Amino acid sequence: MSADGWSRILVLGGIRSGKSEFAESLVREASRVRYVATATTSPDDPEWVARIEAHRSRRPAGWATEEAGTGPGRLVELIRSAEPDETLLVDDLGGWVTVLLDPAHQPADDVATVAELGAAVRDCPARLVLVSPEVGLSLVPTTPLGRAFADALGTTNQTVADACDTVVLVIAGQPTPLKPGTPVATAAPRANVPAQPGADRDAGPAGRPDPVVPDAGTPASAWTGVLGAVPEVLRPTVTAPEPSGAEPGTAWTAPTMALPMVATGLVIQPGMELPMPDEHAGPAALDRLATLDLPGPGLGTLARVVEFAAATQRTATPTPWRAVRVLLLHGDHAGGAAAGTVPGESARRAAQARTGSGPLAQLAAEAGATLQVVEAPAAAPMEHGPALPVDDVEAALRYGWRLAEAAVDEGVELLVLAACGAGTDAAAAAVLAANAGAEPAAVLGRVVTPDGQVDDTAWMARCAAVRDALQRTRRSPRDAKDVLAELGGGDIAVATGILLGATARRTPVLLDGPVGVAAGLVSRDLAGQARHWCLLPDHGDHPAVRLAADVLDLQPLLDLRLGLGEGAAALAALPLLRAGLTLAGGLPARPGSDGPAGAETAARPEETAEPEETAEPEEAAEPEETTGSEESEREPVESDDSEFAEPRPAGPGPTAVPDKTAAPDDPAAPDDGTGADTASAATSARGA
């Protein structure tokens, strides 16, 4: 079983298309790589020897090289003997087919040999990237040997493509996915994580085998996000609640706009016009709450939850969220940002979540939520250089968007953002400092060791890393993608894409921690509508979350101060949020109530009363034209609006309002905000 979620990849391309460079870029960050070379050299062809030397010079010094040109069985042997913790890069299958057709290896059953290769690829325990030339787009060769090569290579490509999870075609250096992987569940149940349907390899649609999902206890690598792979969805053991009436793909979760697209996929850019929650449904839901038969004053803070759910569901009677998915982002930050963290601790927490034994998985099981562990690209030390290449930022944003879309397509009604990477606090503090002008020391939380001790030295190292990064980027642009590349890193970039994708599909998101709120700040610069789809159940007493919540105008609902990791407080609060929505939707109206007060006004704001039409300010606009004798003979005018109250003057100074009980023969001077001084001046003028 593979050590990675989506690890069998076939890269196709023509001559000089850039397929080899693209394949090498996928495994460049892998810790252990074996390069399997299939070509054979000949001293009679110096140009071919030069090509091979160019390939060799590109390989990193840490890669091991295996020669597979001795016979067609050698490649099958290498793939079968690969270990789970290594990566194999086979370049390319054209050389293997050449060896297969070599008269020295004939007669042989070519079909059976190709089938053996396909079986070895399908069962490979390691990450496997295979490169192969695509010759089927050209004319049929004119020679028998050329036709035999094209036929054999075409059969090989089809067999290997069927065994791989992902197939990519590279044209002019631009990768285009032909077969993106579709996640299915594992075949064997694990502790607290039951087997999912569709795990049988032979149970795929139309007789085709389903891709095999790896052991969930091992992490996927960062490069899977480049290809748009989607990690496995886990469902911790829990008694499933009754599903809500909303069907997947209903109108309120459907896309509402056409986003810019290019040949490589979605374009995420500043100024995107994404949908907003319904501005009338929320107030209408609050008006409806005022009519419910409640024994006390109401739902208190939970009324804000009802208003939020009503606006996002576009109805005055919102229903509780039943289909909930937790997206746990695992992406470490190197350098001073991770000072004070235990090496390997974040990976252990992610593995716990996969096996259902960690706090987050247990809370997800209690809430009946599914869990998806997302491996984000690791971030380089931000104090020394960019945390993430710009191209990886683009890929991470699209990857997060696709994760949100895939969840909504499966019927998910609410997303919960969680994170468990090392150095996330410092990365979020850097983003806040860049976007909101915060002082790093003011938004960096205290560093607490596993035994409960406060580590001031580690905290100072994190502050120094953030300040050095800000100093390094002081003249850099502060655009959203620049901030992600220089400071944010992979996990915040993926989280930003998730928020944007959820907004595009009208799906609310629970934020809970520094990564989530940092992504909210960045997404605000790409699409200002995104923050209106976010709810912050708890601030966790984290200074960065408090500041970001103030900037994003998100009011935390609770003050639990849980120390269980980002996402835990949101899951702990979820039953309470559901309870509020259940009461709001299930309780009857109070006896004698005629219905929601003000509901019609909320639904039709254009029909609100306009009292200024009945007033006649022009009669009192020019008091200087009236003499004292004329004023004393004028009868007082009764106002038609008995509830009219004089507005309090704006700005500094006295705020006294003229007494409405003054005698009719005491004319009122126009209110210019000067209070009693104005009245005295008017009296003096009359006396004169």
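The model shown is predicted, which means the values in this text are computed figures rather than measured ones. (Residues numbered from 1 in each chain as written. Predicted model: local features only at pLDDT ≥ 70, side-chain atom pairs only at ≥ 80, totals over all residues. Heavy atoms only, no water.)

A. Representation of the overall build of the protein chain. If you tally the helices and strands in the protein chain, you get 22 helices and 15 strands. Within the protein chain, buried positions represent 45% of all 688 residues. Intrachain contacts of the protein chain at a sequence separation of at least 6 include 78% that bridge at least 24 residues. Just so you have it, the protein chain exposes about 32,500 Å², and 55% of that area is on carbon and sulfur atoms. (Helix = DSSP H or I, 4+ residues; strand = E, 2+ residues; numbered from the N terminus. Buried < 20%, exposed > 50% of the residue type's maximum accessible area, 1.4 Å probe, protein only. Contact = heavy atoms within 4.5 Å. Areas by Shrake-Rupley, 256 points an atom, 1.4 Å probe, with all protein chains shown as cover.)

B. Representation of the pattern of salt bridges. For the coordinates displayed, the defined rule picks out 18 salt bridges. Between Arg 34 and Glu 66 there is a salt bridge, with the nearest N and O atoms lying 3.2 Å from each other. Note that Arg 34 is positioned in strand E2 (residues 33-37) and Glu 66 in strand E3 (residues 64-67), a separation of 32 residues in sequence. We note a salt bridge from Glu 375 to Arg 354, for which the minimum N-O separation is 2.9 Å. Here Glu 375, found in strand E12 (residues 370-375), pairs with Arg 354, found in helix H9 (residues 345-355); they are 21 residues apart in sequence, far enough to count as distant. Linked through salt bridges whose partners overlap, the residues forming this network are Arg 32, Arg 34, Glu 66, Arg 74, Glu 77, Glu 83, Asp 85 and Glu 86. (Salt bridge = Lys/Arg side-chain N within 4 Å of Asp/Glu carboxyl O.)

C. Fine view of the sheet that holds strand E6 (residues 166-171). Sheet architecture is open: seven strands sit in the order E3-E2-E4-E5-E1-E6-E7, paired in mixed fashion. Each having just a single partner strand, E3 and strand E7 (174-179) make up the two edges of the open sheet. Neighbour to neighbour, the strand axes of the sheet diverge by 20° on average, direction disregarded. Where E2 meets strand E4 (residues 87-91), five bridges bridge the pair, whose relative direction is parallel. (Pairing = 2+ DSSP bridges. Axes fitted to C-alpha atoms, helices over the stretch in contact; angles between N-to-C directions.)

D. Looking closely at the nonpolar core. Ranked by internal contacts, the top residues of the largest apolar core, which has 73 residues, are Met 382, Leu 415, Val 494, Ile 498 and Leu 500. When neighbours within four sequence positions are excluded, Met 382 is seen to be in contact with Ala 337, Ala 387, Ala 426, Ala 427, Ala 430, Val 466, Ala 469, Arg 472, Glu 486 and Leu 487. If you look at the next biggest cluster of nonpolar residues, it comprises 38 residues, including Ala 361, Val 373, Leu 557 and Leu 577. (Core = buried A, V, L, I, M, F, W, Y, C linked by side-chain atoms within 4.5 Å.)

E. Representation of the pairing of E2 in the model. With five of five residues buried, E2 lies mostly within the body of the structure. Of the two faces of E2, both are covered, the one formed by Val 33, Tyr 35 and Ala 37 as well as the one formed by Arg 34 and Val 36. The sheet contact formed by E2 and E3 spans four bridges and is parallel. Considered in E3, the bridge of Tyr 35 is made with Thr 65.

F. Representation of unusual backbone geometry within the structure. For the peptide bond that leads from Asp 91 to Asp 92, omega is -5°, which places it in the cis range. Relative to the helices and strands, Asp 92 is located in the loop between E4 and helix H4 (93-101).

G. The packing of H4 against helix H5 (residues 110-122), seen in detail. Taken N-terminus to C-terminus, the directions of H4 and H5 make an angle of 145°; their axes are 11 Å apart at the nearest point. Both H4 and H5 take part in a crossing whose hand is right-handed. For the pair formed by H4 and H5, the contact residues are Leu 93, Trp 96, Leu 100 and Leu 101 on the first element and Asp 110, Thr 113, Val 114 and Leu 117 on the second. Across the contact of H4 with H5, the residue classes tally to six nonpolar, one polar and one charged. (Left-handed = near helix turned anticlockwise from the far one by under 90°. Nonpolar A, V, L, I, M, F, W, Y, C, P; charged D, E, K, R; others polar.)

H. Seen up close, the packing of aromatic side chains. In total, this model carries one aromatic pair according to the counting rule given. Taken together, a centroid distance of 6.4 Å and an interplanar angle of 65° make the contact between Phe 308 and Trp 321 edge-to-face. One end of the pair, Phe 308, is in helix H8 (residues 302-313); the other, Trp 321, is in the loop between H8 and strand E11 (324-330), with 13 residues separating them in the sequence. For the pair Phe 308 and Trp 321, a shared accessibility class is recorded, and that class is buried. (Phe/Tyr/Trp six-rings, centres within 6.5 Å; stacked < 30°, edge-to-face > 60°.)

I. Highlighting helix H7 (residues 281-289). Taken together, the buried positions of H7 are occupied by Ala 281, Gly 282, Ala 284, Ala 285, Arg 288 and Leu 289. One side of H7 carries all its buried residues, which in axial view fall inside an arc of 165°. (Arc of directions from axis to C-beta.)

J. How the structure looks around the side chain of Thr 424. With respect to the element layout, Thr 424 can be found in helix H12 (residues 424-436). Judged by its relative accessible area of 10%, Thr 424 falls in the buried class. For Thr 424, the residues in contact, after removing those within four places along its chain, are Gly 331, His 333, Asp 491 and Val 515.

K. Fine view of the environment of Leu 137. The topology assignment puts Leu 137 in the loop between strand E5 (127-133) and helix H6 (144-163). Leu 137 sits in the exposed class, given a relative accessible area of 74%. For the pair Leu 137 and Gly 14, spaced 123 residues apart in the sequence, the C-alpha separation amounts to 8.9 Å.

L. Broad picture of the packing of H12 against helix H17 (residues 514-526). Running from N to C, H12 and H17 cross one another at 30°; their axes reach a closest spacing of 9 Å. As summarised for this structure, H12 and H17 are arranged roughly parallel, according to the angle between their axes. Here H12 and H17 pass one another in a crossing that is left-handed. Contact with H12, carried on its side by Thr 424, Asp 425, Ala 428, Val 431, Leu 432 and Asn 435, involves Pro 514, Val 515, Ala 518, Leu 521, Val 522, Arg 524 and Asp 525 of H17 and no other residues of that element. Of the residues assigned to the contact of H12 with H17, the class counts are eight nonpolar, two polar and three charged. (Parallel < 35°, antiparallel > 145°, perpendicular 65-115°, else oblique.)

M. Region of the structure containing the confidence of the model for the protein chain. Chain-level pLDDT for the protein chain is 75 on average; 72% of the residues reach the 70-or-more range. Throughout residues 651-688 the model reports pLDDT below 50, and contacts reaching past four residues in sequence, or to other chains, amount to 20 contacts. (pLDDT = per-residue confidence, 0-100.)

N. Local environment of a nonpolar patch on the surface. On the surface, a cluster of nonpolar side chains totalling about 240 Å² of accessible area is made up of Leu 560, Leu 562 and Leu 564. In this fold, Leu 564 is placed in the loop between helix H18 (543-552) and helix H19 (568-586). (Patch = residues over 30% accessible without salt bridge, like charges linked within 9 Å, V, L, I, M, F, W, Y side chains within 5 Å.)

O. Summary view of the state of the cysteines. Counted according to the given criterion, the structure contains zero disulfides. Unpaired in terms of disulfides, Cys 164 finds its nearest cysteine sulfur in Cys 124, a separation of 9.6 Å. Since its relative accessible area comes to 2%, Cys 164 is described here as buried. (Disulfide = S-S within 2.5 Å.)

P. Examining the side chain of His 542 more closely. Note that His 542 resides in the loop between strand E15 (534-535) and H18. Take His 542: its relative accessible area is 14%, and that puts it in the buried class. Polar side-chain contacts of His 542 include one of 3.1 Å to the backbone nitrogen of Ala 544. (Polar contact = N/O pair within 3.5 Å; in protein donor to acceptor, adjacent residues only side chain to side chain.)

Q. Summary view of the environment of Ala 347. With respect to the helices and strands, Ala 347 occurs in helix H9. Overall, the relative accessible area of 34% leaves Ala 347 in the partly exposed class. As for Ala 347 and Glu 375, which are separated by 28 residues in sequence, their C-alpha atoms are 9.9 Å apart.

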